[in-house]
Amino acid sequence: AGGFNIRTVNSSTYDMPITIAKNGCSFSIRIFFPDRFPQDRPTFSVPANLLHPWVSPAHEIAGSPKIQQWSIHSDVTLVLREIIEEFQRAPPGLAGMQAFPAPAPAPAQPTMQPSMQPQPQTAPSPAPSPSCPCWGPLPVRRADFPEIQSLGASELQHTLSNEESFEAFFSSLDYVRSAQRVIDDGRATCRQLADKNLQAEEAAKALEQEVARLREAQDAQKRAFAEQSALYTAAVEKLGPAHLVSRLQAQGHEAEGACKRLAQQLRDHEIQDKQFMRQYIDSRTAFYRSAALAQRVATGGVPAPAPAPPVAPAPPTNPPGMPFMMPAPMSM
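The model shown is predicted, which means the values in this text are computed figures rather than measured ones.

**Re the nonpolar core**
And then number 1: With 21 residues, the main nonpolar core has Phe27, Ile29, Phe44, Val46, Ile61, Ile83 and Phe87 as its most contacted residues.
And then number 2: Counting residues per element, the ones that place at least two in this core are strand 2 (13-19), strand 3 (26-32) and helix 2 (76-89).
And then number 3: Ranked by size, the runner-up nonpolar core spans six residues in total, among them Cys259, Leu262, Leu266 and Tyr280.

Okay, here's the thing in C-alpha coordinates:
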(Lines give C-alpha, C1' and ligand atoms only; values in the text may rest on other atoms or scores of the structure.)
Protein backbone atom coordinates (compact mmCIF):
# COMPACT_ATOMS: atom_id res chain seq x y z
CA ALA A 1 0.00 0.00 0.00
CA GLY A 2 1.25 3.50 -0.80
CA GLY A 3 4.28 2.11 -2.70
CA PHE A 4 5.61 0.17 0.31
CA ASN A 5 6.59 -3.49 0.43
CA ILE A 6 4.28 -4.76 3.18
CA ARG A 7 4.46 -8.34 4.47
CA THR A 8 1.40 -9.79 6.22
CA VAL A 9 2.03 -11.46 9.59
CA ASN A 10 -1.62 -12.04 10.55
CA SER A 11 -4.97 -10.29 10.10
CA SER A 12 -3.94 -7.34 12.28
CA THR A 13 -0.12 -7.30 12.10
CA TYR A 14 2.13 -6.35 9.20
CA ASP A 15 5.87 -5.87 8.65
CA MET A 16 7.44 -3.24 6.41
CA PRO A 17 11.15 -3.68 5.57
CA ILE A 18 13.29 -0.56 5.53
CA THR A 19 16.90 -0.01 4.49
CA ILE A 20 18.93 2.90 5.81
CA ALA A 21 20.73 4.59 2.92
CA LYS A 22 23.56 6.02 5.03
CA ASN A 23 24.82 2.69 6.38
CA GLY A 24 22.95 0.04 4.37
CA CYS A 25 21.35 -1.56 7.43
CA SER A 26 17.93 -3.17 7.08
CA PHE A 27 15.23 -3.98 9.58
CA SER A 28 11.43 -4.16 9.68
CA ILE A 29 8.84 -1.83 11.15
CA ARG A 30 5.97 -3.81 12.62
CA ILE A 31 2.49 -2.30 12.28
CA PHE A 32 -0.36 -3.46 14.51
CA PHE A 33 -3.98 -2.40 13.89
CA PRO A 34 -6.23 -2.58 16.99
CA ASP A 35 -9.83 -3.77 16.88
CA ARG A 36 -11.16 -0.21 17.18
CA PHE A 37 -9.09 1.13 14.26
CA PRO A 38 -9.31 3.93 13.10
CA GLN A 39 -10.77 5.30 16.37
CA ASP A 40 -7.69 3.89 18.14
CA ARG A 41 -4.35 4.59 16.49
CA PRO A 42 -2.16 1.73 15.23
CA THR A 43 1.17 0.99 16.88
CA PHE A 44 4.47 1.06 15.04
CA SER A 45 7.35 -0.86 16.66
CA VAL A 46 10.92 -1.75 15.80
CA PRO A 47 13.31 -4.50 16.88
CA ALA A 48 14.67 -4.48 20.42
CA ASN A 49 17.73 -2.37 21.32
CA LEU A 50 17.24 0.02 18.40
CA LEU A 51 18.13 3.51 19.63
CA HIS A 52 16.43 6.63 18.32
CA PRO A 53 14.76 9.65 19.96
CA TRP A 54 11.41 8.61 18.49
CA VAL A 55 11.66 5.04 19.87
CA SER A 56 10.31 4.45 23.39
CA PRO A 57 11.75 1.91 25.89
CA ALA A 58 8.91 -0.41 24.85
CA HIS A 59 10.34 -0.34 21.25
CA GLU A 60 7.35 1.65 19.94
CA ILE A 61 7.74 4.64 17.62
CA ALA A 62 6.01 7.19 19.84
CA GLY A 63 7.83 10.40 18.86
CA SER A 64 6.25 10.82 15.44
CA PRO A 65 4.08 13.97 15.37
CA LYS A 66 1.56 12.29 13.09
CA ILE A 67 1.23 9.40 15.56
CA GLN A 68 0.81 11.79 18.46
CA GLN A 69 -1.86 13.72 16.50
CA TRP A 70 -3.71 10.61 15.32
CA SER A 71 -7.41 10.92 14.47
CA ILE A 72 -9.94 8.89 12.49
CA HIS A 73 -8.99 10.95 9.43
CA SER A 74 -5.24 10.17 9.68
CA ASP A 75 -3.49 8.32 6.86
CA VAL A 76 -1.24 5.36 7.77
CA THR A 77 0.74 5.92 4.55
CA LEU A 78 1.67 9.45 5.59
CA VAL A 79 2.71 8.19 9.02
CA LEU A 80 5.01 5.60 7.45
CA ARG A 81 6.53 8.20 5.11
CA GLU A 82 7.25 10.46 8.08
CA ILE A 83 8.93 7.61 9.99
CA ILE A 84 11.04 6.57 6.99
CA GLU A 85 12.14 10.15 6.33
CA GLU A 86 13.17 10.57 9.97
CA PHE A 87 15.12 7.29 10.03
CA GLN A 88 16.85 8.17 6.78
CA ARG A 89 17.73 11.63 8.08
CA ALA A 90 18.91 10.45 11.54
CA PRO A 91 19.76 6.71 11.31
CA PRO A 92 18.98 4.78 14.49
CA GLY A 93 21.68 2.93 16.39
CA LEU A 94 21.64 -0.75 15.49
CA ALA A 95 23.91 -2.36 18.09
CA GLY A 96 22.36 -5.56 19.38
CA MET A 97 19.23 -5.24 17.22
CA GLN A 98 16.96 -8.28 16.94
CA ALA A 99 14.54 -9.15 14.17
CA PHE A 100 10.82 -9.72 14.12
CA PRO A 101 11.31 -12.88 13.30
CA ALA A 102 14.67 -14.50 12.58
CA PRO A 103 14.79 -16.32 9.26
CA ALA A 104 14.46 -20.06 9.21
CA PRO A 105 17.79 -21.89 9.08
CA ALA A 106 18.85 -23.11 5.69
CA PRO A 107 18.22 -26.82 5.08
CA ALA A 108 21.19 -29.07 5.65
CA GLN A 109 23.04 -30.09 2.50
CA PRO A 110 23.57 -33.81 1.97
CA THR A 111 27.13 -34.93 2.48
CA MET A 112 28.91 -36.56 -0.41
CA GLN A 113 31.29 -39.43 -0.04
CA PRO A 114 34.76 -38.65 -1.36
CA SER A 115 35.36 -40.03 -4.78
CA MET A 116 38.54 -41.42 -6.20
CA GLN A 117 38.00 -39.36 -9.32
CA PRO A 118 39.71 -35.97 -9.34
CA GLN A 119 37.33 -33.17 -8.57
CA PRO A 120 37.17 -30.13 -10.83
CA GLN A 121 38.60 -26.97 -9.41
CA THR A 122 35.96 -24.38 -8.55
CA ALA A 123 36.43 -20.75 -7.73
CA PRO A 124 36.05 -19.96 -4.08
CA SER A 125 32.65 -18.55 -3.22
CA PRO A 126 32.78 -14.88 -2.39
CA ALA A 127 32.60 -13.85 1.24
CA PRO A 128 29.22 -12.57 2.33
CA SER A 129 28.94 -8.83 2.10
CA PRO A 130 28.91 -7.04 5.40
CA SER A 131 25.30 -6.00 5.01
CA CYS A 132 23.21 -5.27 8.04
CA PRO A 133 20.72 -8.15 8.41
CA CYS A 134 17.51 -7.64 10.31
CA TRP A 135 18.24 -10.42 12.77
CA GLY A 136 20.95 -11.38 15.18
CA PRO A 137 23.03 -9.05 17.38
CA LEU A 138 25.25 -6.71 15.40
CA PRO A 139 28.74 -5.71 16.45
CA VAL A 140 29.58 -2.06 16.61
CA ARG A 141 31.29 -1.33 13.28
CA ARG A 142 32.66 1.84 11.84
CA ALA A 143 30.10 1.57 9.04
CA ASP A 144 27.41 2.14 11.64
CA PHE A 145 28.93 5.58 12.37
CA PRO A 146 29.66 7.26 9.03
CA GLU A 147 30.80 10.39 10.89
CA ILE A 148 34.11 8.72 11.87
CA GLN A 149 34.97 7.59 8.35
CA SER A 150 36.71 10.90 7.69
CA LEU A 151 38.83 10.69 10.87
CA GLY A 152 42.33 9.40 10.65
CA ALA A 153 43.91 7.12 13.20
CA SER A 154 45.57 9.97 15.12
CA GLU A 155 42.39 12.07 15.08
CA LEU A 156 40.37 9.13 16.25
CA GLN A 157 42.86 8.41 19.06
CA HIS A 158 42.80 12.08 20.08
CA THR A 159 39.01 12.08 20.10
CA LEU A 160 38.89 8.99 22.31
CA SER A 161 41.55 10.26 24.73
CA ASN A 162 40.40 13.89 25.02
CA GLU A 163 37.11 14.40 26.83
CA GLU A 164 36.36 17.77 25.23
CA SER A 165 37.05 16.45 21.72
CA PHE A 166 34.90 13.40 22.34
CA GLU A 167 32.08 15.60 23.71
CA ALA A 168 32.25 17.83 20.62
CA PHE A 169 32.26 14.82 18.27
CA PHE A 170 29.45 13.13 20.16
CA SER A 171 27.32 16.29 20.10
CA SER A 172 27.78 16.56 16.32
CA LEU A 173 26.14 13.19 15.59
CA ASP A 174 22.77 13.47 13.85
CA TYR A 175 20.81 11.31 16.24
CA VAL A 176 22.41 13.02 19.24
CA ARG A 177 21.40 16.41 17.84
CA SER A 178 17.90 15.04 17.27
CA ALA A 179 17.71 13.80 20.85
CA GLN A 180 19.08 17.12 22.07
CA ARG A 181 16.36 18.96 20.16
CA VAL A 182 13.74 16.82 21.88
CA ILE A 183 15.32 17.61 25.25
CA ASP A 184 15.54 21.30 24.48
CA ASP A 185 11.91 21.36 23.35
CA GLY A 186 10.90 19.63 26.57
CA ARG A 187 12.86 22.12 28.64
CA ALA A 188 11.34 25.05 26.75
CA THR A 189 7.85 23.63 27.31
CA CYS A 190 8.55 23.18 31.03
CA ARG A 191 9.90 26.72 31.21
CA GLN A 192 6.80 28.08 29.49
CA LEU A 193 4.53 26.17 31.87
CA ALA A 194 6.52 27.42 34.86
CA ASP A 195 6.27 31.02 33.63
CA LYS A 196 2.56 30.58 33.07
CA ASN A 197 2.10 29.21 36.57
CA LEU A 198 4.07 32.11 38.05
CA GLN A 199 1.96 34.59 36.11
CA ALA A 200 -1.19 32.96 37.43
CA GLU A 201 0.05 33.12 41.04
CA GLU A 202 -1.26 36.65 41.64
CA ALA A 203 -4.61 35.79 40.10
CA ALA A 204 -4.78 32.67 42.28
CA LYS A 205 -4.07 34.76 45.40
CA ALA A 206 -6.77 37.24 44.40
CA LEU A 207 -9.24 34.39 43.91
CA GLU A 208 -8.25 32.94 47.27
CA GLN A 209 -8.96 36.28 48.96
CA GLU A 210 -12.28 36.53 47.14
CA VAL A 211 -13.22 33.05 48.33
CA ALA A 212 -12.33 34.02 51.93
CA ARG A 213 -14.48 37.16 51.63
CA LEU A 214 -17.41 35.18 50.27
CA ARG A 215 -17.06 32.67 53.11
CA GLU A 216 -17.18 35.48 55.67
CA ALA A 217 -20.27 36.92 53.99
CA GLN A 218 -21.84 33.48 53.98
CA ASP A 219 -21.11 33.03 57.70
CA ALA A 220 -22.67 36.44 58.43
CA GLN A 221 -25.76 35.47 56.45
CA LYS A 222 -25.97 32.20 58.35
CA ARG A 223 -25.83 34.05 61.68
CA ALA A 224 -28.50 36.52 60.55
CA PHE A 225 -30.68 33.65 59.36
CA ALA A 226 -30.29 31.89 62.71
CA GLU A 227 -31.32 35.06 64.58
CA GLN A 228 -34.34 35.56 62.32
CA SER A 229 -35.29 31.92 62.73
CA ALA A 230 -35.16 32.31 66.52
CA LEU A 231 -37.37 35.43 66.33
CA TYR A 232 -39.79 33.64 64.02
CA THR A 233 -39.98 30.65 66.36
CA ALA A 234 -40.63 32.92 69.33
CA ALA A 235 -43.34 34.76 67.38
CA VAL A 236 -44.97 31.50 66.35
CA GLU A 237 -44.94 30.29 69.93
CA LYS A 238 -46.31 33.63 71.14
CA LEU A 239 -49.04 33.78 68.51
CA GLY A 240 -49.73 30.08 68.39
CA PRO A 241 -53.02 28.48 69.44
CA ALA A 242 -51.75 27.27 72.81
CA HIS A 243 -50.49 30.72 73.78
CA LEU A 244 -53.69 32.40 72.65
CA VAL A 245 -55.83 29.91 74.55
CA SER A 246 -53.73 30.51 77.66
CA ARG A 247 -54.17 34.28 77.39
CA LEU A 248 -57.91 34.01 76.77
CA GLN A 249 -58.29 31.69 79.74
CA ALA A 250 -56.37 34.19 81.89
CA GLN A 251 -58.70 36.98 80.76
CA GLY A 252 -61.70 34.78 81.55
CA HIS A 253 -60.38 34.05 85.06
CA GLU A 254 -59.74 37.74 85.56
CA ALA A 255 -63.34 38.58 84.52
CA GLU A 256 -64.66 35.83 86.81
CA GLY A 257 -62.70 37.27 89.72
CA ALA A 258 -64.14 40.72 88.99
CA CYS A 259 -67.65 39.25 89.18
CA LYS A 260 -66.88 37.69 92.56
CA ARG A 261 -65.49 40.94 93.89
CA LEU A 262 -68.56 42.91 92.72
CA ALA A 263 -70.87 40.41 94.40
CA GLN A 264 -68.95 40.72 97.63
CA GLN A 265 -69.10 44.52 97.41
CA LEU A 266 -72.87 44.32 96.87
CA ARG A 267 -73.26 42.10 99.93
CA ASP A 268 -71.25 44.52 101.99
CA HIS A 269 -73.29 47.45 100.64
CA GLU A 270 -70.14 49.02 99.26
CA ILE A 271 -71.60 49.63 95.79
CA GLN A 272 -74.84 51.00 94.48
CA ASP A 273 -77.29 48.78 92.63
CA LYS A 274 -77.01 50.60 89.28
CA GLN A 275 -73.21 50.67 89.40
CA PHE A 276 -73.17 47.00 90.34
CA MET A 277 -75.45 46.06 87.45
CA ARG A 278 -73.35 47.94 84.88
CA GLN A 279 -69.97 46.57 86.05
CA TYR A 280 -71.29 43.05 86.60
CA ILE A 281 -72.72 42.85 83.05
CA ASP A 282 -69.41 44.11 81.56
CA SER A 283 -67.31 41.61 83.52
CA ARG A 284 -69.68 38.76 82.76
CA THR A 285 -69.68 39.63 79.03
CA ALA A 286 -65.87 39.65 79.00
CA PHE A 287 -65.90 36.25 80.72
CA TYR A 288 -68.20 34.62 78.16
CA ARG A 289 -66.37 36.25 75.22
CA SER A 290 -62.99 34.95 76.46
CA ALA A 291 -64.43 31.47 77.01
CA ALA A 292 -65.96 31.37 73.52
CA LEU A 293 -62.76 32.56 71.81
CA ALA A 294 -60.62 30.12 73.78
CA GLN A 295 -62.84 27.21 72.75
CA ARG A 296 -62.83 28.37 69.12
CA VAL A 297 -59.02 28.59 68.99
CA ALA A 298 -58.60 25.26 70.77
CA THR A 299 -60.92 23.46 68.32
CA GLY A 300 -59.17 24.91 65.23
CA GLY A 301 -61.66 27.62 64.32
CA VAL A 302 -64.91 25.72 64.97
CA PRO A 303 -67.26 28.26 66.52
CA ALA A 304 -68.44 27.41 70.00
CA PRO A 305 -72.12 27.37 70.84
CA ALA A 306 -73.35 30.86 71.49
CA PRO A 307 -73.44 31.41 75.27
CA ALA A 308 -76.58 32.63 76.91
CA PRO A 309 -76.61 36.40 77.31
CA PRO A 310 -75.58 37.50 80.77
CA VAL A 311 -78.44 38.16 83.11
CA ALA A 312 -77.96 40.58 85.93
CA PRO A 313 -79.09 39.35 89.32
CA ALA A 314 -82.25 40.85 90.74
CA PRO A 315 -81.85 43.68 93.16
CA PRO A 316 -81.56 42.59 96.76
CA THR A 317 -84.95 41.98 98.38
CA ASN A 318 -83.62 40.57 101.58
CA PRO A 319 -84.53 42.30 104.74
CA PRO A 320 -81.99 44.81 105.95
CA GLY A 321 -79.04 43.13 107.58
CA MET A 322 -79.29 39.91 105.46
CA PRO A 323 -76.45 39.47 102.91
CA PHE A 324 -77.40 39.32 99.25
CA MET A 325 -76.67 35.86 97.84
CA MET A 326 -75.18 35.91 94.28
CA PRO A 327 -75.28 32.84 92.05
CA ALA A 328 -71.87 31.22 91.68
CA PRO A 329 -70.18 32.42 88.46
CA MET A 330 -69.54 29.88 85.70
CA SER A 331 -66.09 28.34 85.60
CA MET A 332 -64.22 28.06 82.32
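**Some details on the sheet that holds strand 2**
And then number 1: Taken together, the four strands give an open sheet; going across it, the order is 1-2-3-4, and neighbouring strands pair in antiparallel fashion. Every other strand in the sheet has two partners, leaving strand 1 (7-10) and strand 4 (43-45) as the edge strands with one partner each. Taken over all neighbouring pairs, the strand axes of this sheet differ in orientation by 25 degrees on average, direction set aside.
And then number 2: Sheet topology note: the strand 1/strand 2 ladder contains three bridges and is antiparallel. When the sheet's bridge partners are listed, Asn10 is paired in strand 2 with Thr13.
And then number 3: Those strands touched by helix 2 are strand 2, strand 3 and strand 4, and its axis lies near 35 degrees from that of strand 2.

**Quick word on helix 5 (residues 174-239)**
And then number 1: A rise of 1.5 Å per residue sets the reference length of helix 5, with its 66 residues, at 98 Å; its end C-alpha atoms lie 93 Å apart and thus fit the reference within 8%.
And then number 2: Where helix 5 bends most, the angle comes to about 35 degrees, and this point is Glu201.
And then number 3: On its buried face, helix 5 is in contact with helix 2 and helix 4 (163-172).

**Remarks on the pairing of strand 3**
And then number 1: Of all seven residues in strand 3, five are buried, a share of seventy percent or more.
And then number 2: Pairing between strand 2 and strand 3: seven bridges, direction antiparallel. Bridge assignment links Pro17 to a residue of strand 3, and that residue is Ser28.
And then number 3: What sits between strand 2 and strand 3 in their antiparallel hairpin is a turn of six residues, with Gly24 showing a positive phi close to 75 degrees.
And then number 4: Strand direction decides the pairing type here: strand 3 and strand 4, joined by three bridges, are antiparallel. When the sheet's bridge partners are listed, Phe32 is paired in strand 4 with Thr43.

**Description of unusual backbone geometry**
Glycine aside, a negative phi is what most residues show, and trans is what most peptide bonds show.
And then number 1: Cis peptide bonds are those with omega within 30 degrees of zero, and the linkage from Phe37 to Pro38 qualifies with 10 degrees.
And then number 2: One can find Pro38 in the loop between strand 3 and strand 4.
And then number 3: Positive phi, normally seen in glycine, also occurs at His59, with a value near 70 degrees.
And then number 4: Turning to its location among the elements, His59 is positioned in the loop between strand 4 and helix 1 (65-68).
And then number 5: Of the residues examined, His59 reaches a relative accessible area of 30% and is grouped as partly exposed.

**Re the pattern of salt bridges**
And then number 1: By the definition in use, this model includes eight salt bridges.
And then number 2: The partner of Arg89 in a salt bridge is Glu86, and the shortest N-O contact between them spans 2.9 Å. Taken together, the residues Arg89 and Glu86, both in helix 2 and three residues apart, mark about one turn of the helix.
And then number 3: On the basis of relative accessibility, which here comes to 36%, the residue Arg89 falls in the partly exposed class.
And then number 4: When salt bridges that share partners are traced, they join Arg7, Asp15 and Arg30 into one network.

**Topic: a nonpolar patch on the surface**
And then number 1: A surface patch of nonpolar side chains, about 290 Å² in accessible area, is lined by Leu160, Phe166 and Phe170.
And then number 2: Relative to the assigned elements, Phe166 resides in helix 4.

**Examining the packing of aromatic side chains**
And then number 1: Under the defined criterion, the tally for this structure stands at seven aromatic pairs.
And then number 2: Taking the centre distance of 4.9 Å and the plane angle of 80 degrees together, the rings of Phe33 and Phe37 count as edge-to-face.
And then number 3: Given the relative accessible area of 32%, Phe37 is considered partly exposed.
And then number 4: An angle of 75 degrees between the planes, with centres 5.4 Å apart, marks the rings of Phe287 and Tyr288 as edge-to-face.

**A closer look at the environment of Arg41**
And then number 1: Structurally, the position occupied by Arg41 is in the loop between strand 3 and strand 4.
And then number 2: The class of Arg41 is partly exposed, set by a relative accessible area of 35%.
And then number 3: It is 9.5 Å that separates the C-alpha atoms of Arg41 and Gln69, two residues lying 28 residues apart in sequence.
And then number 4: In this view, Arg41 contacts Pro34, Ile67 and Trp70; residues no more than four positions away in its chain are not counted.

**Side note on the packing of helix 4 against helix 5**
And then number 1: Taken N-terminus to C-terminus, the directions of helix 4 and helix 5 make an angle of 80 degrees; their axes are 5 Å apart at the nearest point. Between helix 4 and helix 5, the interaxial angle falls into the category roughly perpendicular. On the side of helix 4, the interface is formed by Phe170, Ser171 and Ser172, while helix 5 contributes Asp174, Val176 and Arg177.
And then number 2: Looking at the contact of helix 4 with helix 5 residue by residue, the classes come out as two nonpolar, two polar and two charged.

Parameters at a glance
- Residues numbered from 1 in each chain as written.
- Predicted model: local features only at pLDDT ≥ 70, side-chain atom pairs only at ≥ 80, totals over all residues.
- Heavy atoms only, no water.
- Core = buried A, V, L, I, M, F, W, Y, C linked by side-chain atoms within 4.5 Å.
- Buried < 20%, exposed > 50% of the residue type's maximum accessible area, 1.4 Å probe, protein only.
- Helix = DSSP H or I, 4+ residues; strand = E, 2+ residues; numbered from the N terminus.
- Pairing = 2+ DSSP bridges.
- Axes fitted to C-alpha atoms, helices over the stretch in contact; angles between N-to-C directions.
- Contact = heavy atoms within 4.5 Å.
- Expected span 1.5 Å × (residues − 1).
- Bend = angle between axes of the 7 residues up to and from the residue.
- Salt bridge = Lys/Arg side-chain N within 4 Å of Asp/Glu carboxyl O.
- Patch = residues over 30% accessible without salt bridge, like charges linked within 9 Å, V, L, I, M, F, W, Y side chains within 5 Å.
- Areas by Shrake-Rupley, 256 points an atom, 1.4 Å probe, with all protein chains shown as cover.
- Phe/Tyr/Trp six-rings, centres within 6.5 Å; stacked < 30°, edge-to-face > 60°.
- Parallel < 35°, antiparallel > 145°, perpendicular 65-115°, else oblique.
- Nonpolar A, V, L, I, M, F, W, Y, C, P; charged D, E, K, R; others polar.

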